[in-house]
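Structural features, examined
So the chains spell out like this:
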Amino acid sequence: MKLCFLRHGEADWPNWNKPDDERPLTERGCKEMKRVVKFVERLKLSPDTILTSPLPRASQTAEIVAARLGITLQTEPALAHGFNIERLRRIVTKLECECVMVVGHEPEFSEVIKQLTGGTVKLSKAGIALLEVNRSCTSGKLLWLFPPKFAKAAK
């Protein structure tokens, strides 16, 4: 199956004095995600479903993608803090699709990608990676990894 990891867009708010888990996307983060989803369309990536962390910056990112691509979106609490390979396996065993996009956070996404592929990566904000993985999520192959600057350059 194909597994697409999308890290949330920019959510850096200077002088933020609320809990970190409540940070929404910035205006720049929203614009950046709109460029990234257009780039995803050009790559002809069309996930069967999108699963998102419940944190606002991730769910807002997923909403932008789901709306543009016309894909079903589900909140998946396992994608929040503490996401790991075991949580991914539990998520994937419930799915009957061939391609799923997960929207979430660092450093967890890069660590899970490393465990699946053996390769060290860093998924930047609004970065996207596509893997081909076996159904038991014991191994995988990185097909591509793009930082958001590729979306900007590909307008």
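See the structure above.
Since the structure is predicted, the reported quantities are computational estimates derived from the model, not experimental observations. Starting afresh in each chain, residues are numbered from 1 along the sequence in its written order. Given that this is a predicted model, residues contribute local features only at a pLDDT of at least 70 and side-chain atom pairs are listed and counted only at 80 or more, while totals for whole chains, interfaces and linings are drawn from all residues. In computing side-chain values, all of the structure's heavy atoms are included and hydrogens and water are not.

Our next topic: the overall build of the protein. Counting its regular elements, the protein contains five helices and six strands. Secondary structure counts use DSSP, requiring at least four H or I residues in a row for a helix and at least two E residues in a row for a strand, with both numbered from the N terminus. Reading the protein from its N terminus to its C terminus gives the helix and strand order β-α-β-α-β-α-β-α-β-β-α. With the radius of gyration taken over C-alpha atoms, the globule rule is written as 2.2 Å times the number of residues to the power 0.38. Whereas a compact globule of 155 residues would reach a radius of gyration of roughly 15 Å, the protein reaches 14 Å, a difference of no more than 12%. Reported as C-alpha extents along the three principal axes, the dimensions of the protein are approximately 40 × 35 × 30 Å. Note on classification: 1.4 Å probe, protein chains only; a residue is buried when its accessible area is under 20% of the maximum for its type, exposed when over 50%, partly exposed between these limits. Buried positions account for 50% of the 155 residues belonging to the protein.

What follows is about the environment of Glu-132. Along the chain, Glu-132 falls in strand β5 (residues 128-133). With relative accessibility at 39%, the residue Glu-132 sits in the partly exposed group. Spatially, the C-alpha atom of Glu-132 lies 24 Å from that of Glu-63, the residues being 69 residues apart in sequence. Two residues form a contact once any of their heavy atoms are found within 4.5 Å. Not counting residues within four places of it along the chain, the set of residues in contact with Glu-132 comprises Met-1, Lys-2, Ser-139, Gly-140, Lys-141 and Leu-143.

With that settled, the discussion passes to the packing of aromatic side chains. In this analysis, rings of Phe, Tyr and Trp, with Trp reduced to its six-membered ring, are considered paired at centre separations within 6.5 Å, and the interplanar angle assigns stacked below 30 degrees, edge-to-face beyond 60, and tilted for intermediate values. Per the stated rule, a full pass over the model turns up five aromatic pairs. On the numbers, 5.1 Å between centres and 85° between planes, the contact of Phe-39 with Phe-146 is edge-to-face. With Phe-39 in helix α1 (residues 27-42) and Phe-146 in strand β6 (residues 140-146), the pair connects residues that are 107 residues apart, well separated along the chain. The exposure classification of Phe-39 matches that of Phe-146, with both residues buried. On the basis of an interplanar angle of 40° and a centroid distance of 5.2 Å, the ring pair of Trp-144 and Phe-146 is categorised as tilted. The pair Trp-144 / Phe-146 is uniform in exposure class, with both members buried. Taken together, Phe-39, Trp-144, Phe-146 and Phe-150 form an aromatic cluster joined through their ring pairs.

Our focus in this paragraph is α1. When the terminal C-alpha atoms of α1 are compared, their 23 Å separation across 16 residues agrees well with the 22 Å that a helix rising 1.5 Å per residue should span. When we look at burial in α1, the residues that qualify are Gly-29, Glu-32, Met-33, Val-36, Val-37, Phe-39 and Val-40. Here the buried residues of α1 occupy an arc of 155° about the axis, which is enough to place them on one side. For α1, the exposed residues set more than 90 degrees away from the buried face come down to Glu-27 and Arg-42. At the exit of α1 stands Lys-44, carrying a positive phi of roughly 60°. Expected helix span is computed as 1.5 Å times (number of residues minus one). Note: the arc covers the axis-to-C-beta directions of the helix.

On to the packing of α1 against helix α2 (residues 56-69). Axis angles are defined between N-to-C directions and span 0 to 180 degrees, where every axis is a line fitted to C-alpha atoms and, for a helix, only to the segment in contact. Their axes nearest at 9 Å, the elements α1 and α2 cross at an angle of 40°. For the element pair α1 / α2, the angle class is oblique. The chirality of how α1 crosses α2 is right-handed. Between α1 and α2, the residues in contact are Cys-30, Met-33, Lys-34, Val-37, Lys-38, Val-40 and Glu-41 and Thr-61, Ile-64, Val-65, Arg-68 and Leu-69, respectively. Oblique is the label for every angle not falling under 35 degrees (roughly parallel), over 145 degrees (roughly antiparallel), or within 65 to 115 degrees (roughly perpendicular). Note: crossing handedness is left-handed where the near helix turns anticlockwise from the far helix by less than a right angle, and right-handed where it turns clockwise.

When you line up the elements, Leu-88 lands in helix α3 (residues 85-93). Judged by its relative accessible area of 1%, Leu-88 falls in the buried class. Taking the C-alpha atoms as reference points, Leu-88 and Ile-113, 25 residues apart in sequence, are found 11 Å from one another.

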